[in-house]
Amino acid sequence: MSLWRQLTRGVHILAHRQVADQDVIDEVDHYLEQATAGLMASGLPREDAQRSARLELGSPAVVRDQVRSSGWENAVRTSFFDLRFAARQLRNHPGFTIVGILTLALGIGASTAIFSAVNPILFKPLPYPHPGRILMIWGTFQGARAEVAFGTYRELAERARSFDAMAIFEPWQPAKTGGTQPERLEGQSVSAGFFRVLGVSPALGRDFLASEDAFNGPKVVILSDKLWRRLFHGDPATLGKTVRLDDDNYTVIGVMARNFEDVLTPSAEIWTPAQYDLRQITSNFNSWVWGNHLHMVGRLKPGVSRLQGVQELAQIAGTPWPQFPRARSASLKHGLIVDSLQDDIAHTIKPALLAVLGAVILVLAIAWVNVVNLVLERGSQRRGEFAVRGALGASKQRIMRQLITENLLLASLGGAAGVAVAIAGLRALVALSPAGLPRREAMVVDPVAFFFSLAITAIVGIAAGLVPAIHITRDDLQSGLQQNSRSSAGGHAWTRRVLVVIEVAFALILLVSAGLLMRSMQRLLAVDPGFNPSHLLTMQVQSFGHQFDDLASAPGVGSSRRRRFFEQALDAVRRVPGVQQAAFTSLLPLSDDPPVVGLYGAQFEDEDPQTGHNVFRYAVSPNYCQTLSIHLLSGRCLDEQDTAGAPQAALISESLAKSHFGSQNPLGKRLHVGPRDRPWYAVVGIVGDVKQTSLAINQPDAVYLSTEQTWFADDTLSFVIRTHDNAAALAPVVKSAIWSVDRSQPIVRVITMDRMMAVSEAERRFVLILFEAFGIVALMLAAIGIYGVVSGNVAERTREIGVRAALGASRGDILALIIRDGMRLTAFGIAIGLCGAIAAAQGITTLLFGTSPLDLIAWTGVVLMLVSVSAIACWAPAWRAAQVDPSITLRAE
Amino acid sequence: MDEPNTDVIQGTLDMLILKTLSLEPMHGFGIARRVEQVSRGVFKVNPGSLLTALQRLERAGWLDSEWRQTENSRRAKFYALTRAGKKQLEVETADWARRASAIARLLKVEG
């Protein structure tokens, strides 16, 4: 009941504030009157009675406040007043407010955005049941992860006891016709247990059956929710309908849930059973089932630890059983690499993400330092104000409360701006992110990260805001009153100088890291790809359909049709006006063609059969080397003479020639590429090395064969077209030229080589952009900090400067005096920052390319930049100081 | 008033107010004067504390208040004890008696 009364009374008073106020005033006045009357009754004259009554009561205003402050409603009212006052304070000091809000917004926003992006990749559990049980299983090639063969999968799946399910998957890009233009879908060809390993099942329809994953099994597909909506407009009656892919009818048996995310292949939107031919595992080691081109995942049984799973797989790899023969290329003698799915999808990008996370923590720290700095500065400017308010009867608690309100208001405004920065930042981040960045779908602004950085920043700001209030004592109030407002710089100058030094140091660390990354990028872009990338249009052209099948009744007919289609298409392209040269290749340098697809074993005639070279196999048209301007070092290029019937000819790359032949002449020597049961290829020419996977990766062993002379006809080739003018502009004409040969063939990945080179370095560029952005923010904040401290210093020393000027110091002297002071802070900051930067540079070594962590140009450049920016920041207050008129200053004191 | 007077003992102000109002409804100054008179000037009530305490007791439901005309036709706020206030007074009186006698016994032992 009492609580209810408290509540209703409080609300009543809040609602009728004036009446309530008047009541208190009346009551206090009445008390005073009665006291006076009482004293007069005891014989005192009226005036004396009034005086002593008042003395007894104390200040009526204070009593009134005391009475009023008893209820809870008063706290609400005071907070409201505090808030209003705080808002006025912030409005009246726009410089402080804007810098404060910006600093908070950048610090909170940037860290929230980065954490929101990194969190799903590194920390958040994957969106599957018991995600920790899902393991990726790789073969080992030269110590690194390598794809596995179907035969290996079968053996592991049969022998391993630690797993509930194992599955393999590989890209499947079926052509779909029937729309306005033929298109290619992004899909995955998987073994039947694929979704069981992930622990999910279709939202509509059913999962694949084991019987469907058999050689020549039924053609069935499961669609992603998105593709289902696109192709069937989300119609639930889709199940059992067919969709025509690659010249075949596929029955839709299931649709995944809308929130299903295939973290293994984020782009996948359609899945079909792989349907490998099990008989070939034992019968033919040269067959497709022994090609190392599959990804493999497994789900551990409940209660089985990851270590047990890993150990069992290692044990199986080390002890072949006779009933599971292994091809030479899949001997598993180097063991398997097994990693949790979460770590696996992040493993290439993890160093970059951790570096970015480290950088954003530095930015957040700089923001804290800057906020503390700002608040301290404000506090020392306001000592006079606090003194006055204290003298007027405000208690220490009351002043502290006011300060907390002000800082909370600032923090809220900064936080609100921070949300905007976080949302915009994350959007930009996702837009800028390299294609290989996993879990992009899951990147949403993380409220925990936001409130965490907001809370920390607010606490730091409020704590700093209270520092001046804590020191308020009676004496302080008096001395505060005696000082006039102008010379009242507080005793926190020293703290603030230390803070600025810290800011400069942090900024240096970020800038050096950004500088090193920038140098790496420069070095990288200066790398010679081995061909001329300018004015080069590229596109991938597919050939699908049963017309290209090699039937047992007519061997080789399909393949030669396929070859003829590509040759006719190439002829058509060559006739397009504006095309200078055109060619095609099975493997396009610097493209996203998976390297594993182009890697084959090569063996020279004079080589031990157990050894060999891993080479990129390029099946190319005549004129390919000329079109790309790949250097011919000796011999001849492949040309129109190298037809199916002609002697088998091959070009080898310079590195391959050197590594095998040394100073010998390789021309005329013979080798096998791929299967060894075919005629030898003779080396007819040696060409320069080409960067295949990336400018940063040196993997130069390569063999070029004529498409007419390879052992199989690639179904997808990349056309390369050298143009006279703008390459991109020619794309539509070239496409229609190809379609004039066969309307139904999809043409995808239409992109100029310049653009492709940029994309191939997207991850590096992404990290660089982030570091540059953070470096610039840090530099700005540090400059603001230096400016603030030096300005405060000038204000504090106005009198001294006046005296100096009066005693004959020139403007130049005063300018130098102030600038020297600011630069001393910068120098300290740089000295400390250099130590931190050495550590940071070591930390990002893996992200550097061709650049030493101690790269002289980056380091001196950054130091020079920091020195000149801080010189500019010092210049403005110093200039103001030099304008001080001694007569005015001295008189004012 | 030459006799030294002291502020009301900490924590007893509520009880004194309740006791004073148990006799008749009164306004703030009346309560202060009555406390001083009855204690023969030993206790002196701080006006701020008194008025604040009145508010608090009213909130607690132990007092009712009413604005009335005084004899010299001024508006004054009169406080009266409620039923709950009476009970509270009994509780506090008993409590105080217990404590006072305990202190008295302790002092006697000392003596």
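Calculation notes
Residues numbered from 1 in each chain as written. Chains lettered and ligands numbered in written order. Predicted model: local features only at pLDDT ≥ 70, side-chain atom pairs only at ≥ 80, totals over all residues. Helix = DSSP H or I, 4+ residues; strand = E, 2+ residues; numbered from the N terminus. Rg over C-alpha atoms; globule rule 2.2 N^0.38 Å. Buried ≥ 20, exposed ≤ 12 C-beta atoms within 10 Å, placed from the backbone. Axes fitted to C-alpha atoms, helices over the stretch in contact; angles between N-to-C directions. Parallel < 35°, antiparallel > 145°, perpendicular 65-115°, else oblique. Left-handed = near helix turned anticlockwise from the far one by under 90°. Nonpolar A, V, L, I, M, F, W, Y, C, P; charged D, E, K, R; others polar. Expected span 1.5 Å × (residues − 1). Bend = angle between axes of the 7 residues up to and from the residue. Pairing = 2+ DSSP bridges. Contact = placed C-beta atoms within 7 Å. Core = buried A, V, L, I, M, F, W, Y, C linked by C-beta atoms within 7 Å. pLDDT = per-residue confidence, 0-100.

To continue, consider the overall build of chain A. Each helix and strand counted, chain A has 29 helices and 24 strands in total. Taking 2.2 N^0.38 as the reference for a compact globule, 893 residues should give roughly 29 Å; the C-alpha atoms of chain A span a radius of gyration of 38 Å, well beyond that estimate. Seen through its principal axes, chain A has C-alpha atoms that stretch 135 × 80 × 55 Å. Among the 893 residues that make up chain A, the fraction classed as buried is 44%.

Residues and elements named next belong to chain A. Viewed as axis vectors pointing N to C, helix H13 (residues 350-381) and helix H25 (residues 762-796) meet at an angle of 15 degrees, and their least axial separation amounts to 10 Å. Considering their axes alone, H13 and H25 lie roughly parallel with respect to each other. As for the relative orientation of H13 and H25, their crossing is left-handed in sense. Here the contact of H13 with H25 is built from residues that sort into 18 nonpolar, five polar and two charged.

Residue and element names in this part refer to chain A. With 30 residues, helix H6 (residues 94-123) should reach 44 Å at 1.5 Å per residue; the first-to-last C-alpha distance of 40 Å fits that figure. The sharpest bend along H6 measures roughly 30 degrees and falls at Ala117, with the proline Pro120 sitting one to four residues further on. Among the 30 residues that make up H6, 22 are buried, leaving the element largely enclosed by the rest of the structure.

Let us now look at the sheet that holds strand E4 (residues 63-69) of chain B. All names here are of chain B. Reading across from one edge, E2-E5-E4 is the order of the three strands in this open sheet, with antiparallel pairing throughout. Both outer strands of the open sheet, strand E2 (26-27) and E4, are each paired with one neighbouring strand and no more. Taken together, the seven bridges between E4 and strand E5 (residues 75-81) define a ladder with antiparallel strand orientation. Along E5, the bridge assignment pairs Ser65 with Tyr79. Against the sheet, helix H1 (residues 13-23) engages E2, E4 and E5, with an angle of about 95 degrees to E5.

Another point: the interface of chain A and chain B. With 20 residues of chain A at the contact, the number on the chain B side is 17 residues. Those elements that provide at least two residues to the side of chain A that touches chain B are helix H1 (2-15), helix H2 (17-41) and helix H4 (60-68) of chain A. Of the residues forming the side of chain A that touches chain B, the biggest block, eight residues, is contributed by H2 of chain A. In terms of residue class, the side of chain A that touches chain B is made up of seven nonpolar, nine polar and four charged.

The next thing to look at is the nonpolar core. Counting 161 residues, the largest nonpolar core has Val363, Ala507, Leu508, Leu510, Val512 and Ala778 of chain A as its most contacted members. In this structure, Met539, Ala569, Ile630 and Ile721 of chain A belong to the second largest nonpolar core, which totals 59 residues.

Right, let's talk about the environment of Met780 of chain A for a bit. Residues and elements named next belong to chain A. For Met780, the position within the fold is in helix H25. Since 18 C-beta atoms lie within 10 Å of it, Met780 is described here as partly exposed. Separated by 89 residues in sequence, Met780 and Val869 place their C-alpha atoms 8.7 Å apart.

Low pLDDT marks regions whose predicted coordinates should not be analysed in detail. Taken residue by residue, chain B gives an average pLDDT of 82. The fraction at 70 or more is 89%. Here the prediction assigns the complex a pTM of 0.74, and the interface score ipTM is 0.83.

Here we take up helix H28 (residues 856-882) of chain A. Residue and element names in this part refer to chain A. Between its first and last C-alpha, H28 extends 37 Å over 27 residues, near the 39 Å set by a 1.5 Å rise per residue. The principal kink in H28, of about 30 degrees, is found at Trp875, preceding the proline Pro877 by one to four residues. Listing the buried residues of H28 in full gives Ala858, Trp859, Val862, Leu866, Ser870, Ala873, Cys874, Pro877, Ala878, Ala881 and Ala882.

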